[in-house]
Amino acid sequence: MDHCFRIRKGLYLLFLLSLSGVVCVSIRYSLPEEKKSGSLVANVLKDLKLGPGELSARRAQLVSKSNKQYFQLDTRSGNLLVNEKIDREALCGKMEPCLLLSEIVVQNPLKIYNMETEIEDVNDNSPVFSTNEFELAIPEQVPANTRFPLESAQDAVLGENSVQNYTLSPNGNFWLELQNDNSGKRYINLVLEKPLDREKEAQFGLTLTAVDGGVPQRTGTVLIKVNVLDNNDNFPQFTQSEYKVKLKENSPRGTLVSKVEARDLDFGSNAQISYSFHRVPEKISSLFQLHRTTGEITVLGPIDYEKEANYHIDIKATDGGGLSGHCKVLVEIEDENDNAPDISVITITSPLAEDSPLDTLVVLFSITDQDSGDNGKTSCSMEMNLPFLLKNTANNYYQLVTQRPLDREKVSGYNITIAAIDWGSPRLSSRRTITVLISDVNDNSPVFEKSKYEMQVWENNIPGLLMGSVHAVDLDVEQNAKVTYSLVPGNASGAPAASYVSINSETGNLYVLRSLDYEQIKEFQVTVRASDGGSPPLSSEVVVRVVILDENDNAPFFLYPLQNSTSPCNELVPKSMEAGYLVTKVVAVDGDLGQNSWLSYELLKATDPGLFSIGAQNGEVKTRRPLTERDTNKQRLIILVRDNGHPPQTSTATLNILPVDGFSDPYLNIASVSHEASEEDGSLTMYLVICLAAVSFVFLICIIVFVVIKMYKKESSFITALPQFPPAFPEIPETGVDSQSGSLSRTYRYDVCLTGGSLSSDFRFLRPLIPVYSMGDPNVSENHRISSISQETSEQAEGQKQREQVS
């Protein structure tokens, strides 16, 4: 049944090892004691089946199971070296074999190699007796072959180097007997060869020599003084030859261990018995105390199960006559749960990268308990809600591995408290806090404070002006959080973005590189990239919209009358016009927008300020009253246009108005036309539409012909002669009326619309029948040519001086 239980236990242990994934291999070395520090023990690479440099790469560590680190491991070469001089006798005492237990722990994957180093004894100690002189009191008439036990010599070494033999100096009364008990312990008895006679020799001395088996041999001696006493017939006899007792460790001083008792059949002083330790080492005398008269054995020093589990004590009872008896007391120490578990950290990975994969080894530690049995069994736990998992491996090793992803931005470090508790009664526990710092990994891109930026800058700015700044934050730390800014290559309004703005790579300040004109570009967009300093770097981008604000930097410009024209603008009006008559409409534009482009007109200067007025908003020039004979034949108006900017911009234009007398008389009879003419308005409208379509078609054909001719001229470099037109008729008087017939000249044709039942008329448009060009400037526009002809016609009566002014 017990054999089956051991098999099941072994299979269970093998199953646990297979689950943990930890491979345990045992290696064994031997080393003579007293080796100097730095001495080579062995090279472990071959035994561990590892390659050169693999120990260092896999973070190998040598873990000692004792209180001191007697060895050190060179992970580069694999040599196992003596770290501290080893004294076998101080380390193990009489224990054999003397083993130093260590473990070599390698990671990735985790493997534990059990290493046993046997410390071999060297003959560096001589046998030693507890005293330099023994005294024996032997009564005369003691029969031959009586045995007198002697104290054995103590030799710190073991095996062949320990005491192997004893010799006694030559004499005629005693010889030496050697005996071994069941435990292998050797006893020495001095055997009486023949009875003693006090009257012949009352005292004599013997020399006892202990010899060990080392090379060279070492010896130790003691002098035995034998005193011959008068006759004492009975020896003290113990009630038991061997006492077996159990004693709990850590028993307080004075605790009764046992009580021995011896009896002597003699009377008087020969029956008085005294007790003493016999042939006991010094450590027993320091731990136990024997009462001389009562035979009570009590605790004197600290009893520690972990140091010694049992003690063999020899007791001697001596009567008043010098005779003695002996017994043995076997004290078995019972283990108490007096040692709390000890948590020893083997390796720790700190700081730990936040992108470490799952099952990454963070901490490797072991738990030991010096107690035995259930008192030495331990269990381990740690606090919950941590991203780590505790795994139990072989030989009371534990692994702390990651079980959830880590995020340094949320938690930068963990204080992990590990608790170990034994199975004793009462249960003892210990705690250890391990700090694991989380190192930063560049896993966060810079984040801009806004999803989109908008900046405004006034046009006509100074180059290098600060427009604004962008700012991005990176949740990483140190170099991974260092943000630099740059412009993403691209175009902004048809030009490279870098030609408009620049950015400070450290502060994110945006500067405009050149002066901007709102009339050319009203807004543009650039893309800013924020990159961190990690490896590889992470980045994010944001769009910056730059809006140019309009300034009132454009003065209004007259389209009609054309501003800055070399020829004056002349308008013909009938002298018979009524108040409110629409003379013309001036048109101006402003390159600015918004409020800056709101225009207002005013009459800045006029020949007769009371004759004309201008609409402030629409620019319509109208008469304020009818013309009189006193009004001049030429009215000169200076018109000012003003925008609504701050400060406002203005422009002026000159308009000449030429009143014409009677140019509408031939058409006055139209007012008396019968009502039948109105019935023909429908057909007239149709004719006008047809004419308008024909004119438009002819105009389109002319444009096409003009383009073709231009292209042909470029290729052939052929220049055609400009058309020549007949000059204006100088004989036309100022009034524009033929002096002979009293009617208008055939050069002009007026379109007069009369309202039904009224003699008043409004001018729709005024066109010359035949275009007349000035001889001085053939390229003047049609409006200017009309104005020039009108002015020339009206001023011919005034002489040559006026004609030069018109031209």
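Structural data are supplied above this passage.
Throughout what follows, the structure given in this document is the object of discussion. As the structure is a prediction and not an experimental result, all values here were calculated from the model. (Residues numbered from 1 in each chain as written. Predicted model: local features only at pLDDT ≥ 70, side-chain atom pairs only at ≥ 80, totals over all residues. Heavy atoms only, no water.)

### Quick word on the packing of aromatic side chains
Scanning the entire structure with this criterion turns up nine aromatic pairs. Measuring from ring centre to ring centre gives 6.1 Å for Phe129 and Phe134, while their planes differ by 85 degrees; the resulting arrangement is edge-to-face. Among the aromatic residues, those joined into a ring-pair cluster are Phe129, Phe134 and Tyr166. The ring of Tyr500 has Arg514 sitting right over it, with the charged end atom 4.2 Å from the ring centre. Here the guanidinium or amino end of Lys522 rests over the ring plane of Tyr518, the centre of that ring lying 5.2 Å away. (Phe/Tyr/Trp six-rings, centres within 6.5 Å; stacked < 30°, edge-to-face > 60°. Lys NZ or Arg CZ within 6 Å of the ring centre and 35° of its normal.)

### Details of the pattern of salt bridges
In this structure the tally under the stated criterion is 22 salt bridges. Between Glu523 and Arg545 there is a salt bridge whose closest N-O contact spans 2.5 Å. On the criterion of sequence distance, the pair formed by Glu523 in strand β41 (residues 523-531) and Arg545 in strand β42 (residues 539-549) is long-range, its members being 22 residues apart. Classification of Arg545 as partly exposed rests on a relative accessible area of 21%. (Salt bridge = Lys/Arg side-chain N within 4 Å of Asp/Glu carboxyl O. Helix = DSSP H or I, 4+ residues; strand = E, 2+ residues; numbered from the N terminus. Buried < 20%, exposed > 50% of the residue type's maximum accessible area, 1.4 Å probe, protein only.)

### Points about the side chain of Asp550
Relative to the assigned elements, Asp550 resides in the loop between β42 and β43 (557-560). Here Asp550 is buried and forms no salt bridge, its nearest opposite-charge partner Lys522 lying at an N-O distance of 8.3 Å. There is a polar contact of 3.0 Å between the side chain of Asp550 and the backbone nitrogen of Leu593. Side chain to side chain, Asp550 and Asn596 meet in a polar contact 3.2 Å long. Apart from the residues within four sequence positions on either side, Asp550 is in contact with Trp458, Glu459, Tyr518, Glu519, Asp592, Leu593 and Asn596. (Lys, Arg positive; Asp, Glu negative; His and termini not counted. Polar contact = N/O pair within 3.5 Å; in protein donor to acceptor, adjacent residues only side chain to side chain. Contact = heavy atoms within 4.5 Å.)

### Looking at the state of the cysteines
The full count for this structure, using the stated rule, is one disulfide. Each disulfide pairs two cysteine sulfurs, and for Cys92 the partner residue is Cys98, the sulfurs being separated by 1.8 Å. The disulfide joining Cys92 to Cys98 has a torsion of about 65 degrees about its S-S bond and is therefore right-handed. Comparing Cys92 with Cys98, the two get one shared label, buried. (Disulfide = S-S within 2.5 Å.)

### A word on the sheet that holds strand β36 (residues 484-487)
Strand pairing within a sheet occurs via backbone hydrogen bonds; the two strands may be parallel or antiparallel. Pairing in this open sheet of four strands is mixed, and the strands run β33-β42-β41-β36 from one edge to the other. Only two strands of the sheet have a single neighbouring strand rather than two, namely β33 (452-458) and β36. The mean angle between the axes of side-by-side strands here comes to 30 degrees, regardless of whether they run parallel or antiparallel. Across four bridges, the pairing between β36 and β41 is antiparallel. In the sheet register, Ser486 faces β41, and the bridge partner there is Arg529. (Pairing = 2+ DSSP bridges. Axes fitted to C-alpha atoms, helices over the stretch in contact; angles between N-to-C directions.)

### Considerations on the pairing of β33
Only one face of β33 is covered, namely the face carrying Tyr453, Met455 and Val457; the face carrying Lys452, Glu454, Gln456 and Trp458 is uncovered. Bridging between β33 and β42 involves seven bridges; their strand directions are parallel. Counterpart to Glu454 in the pairing with β42 is Arg545.

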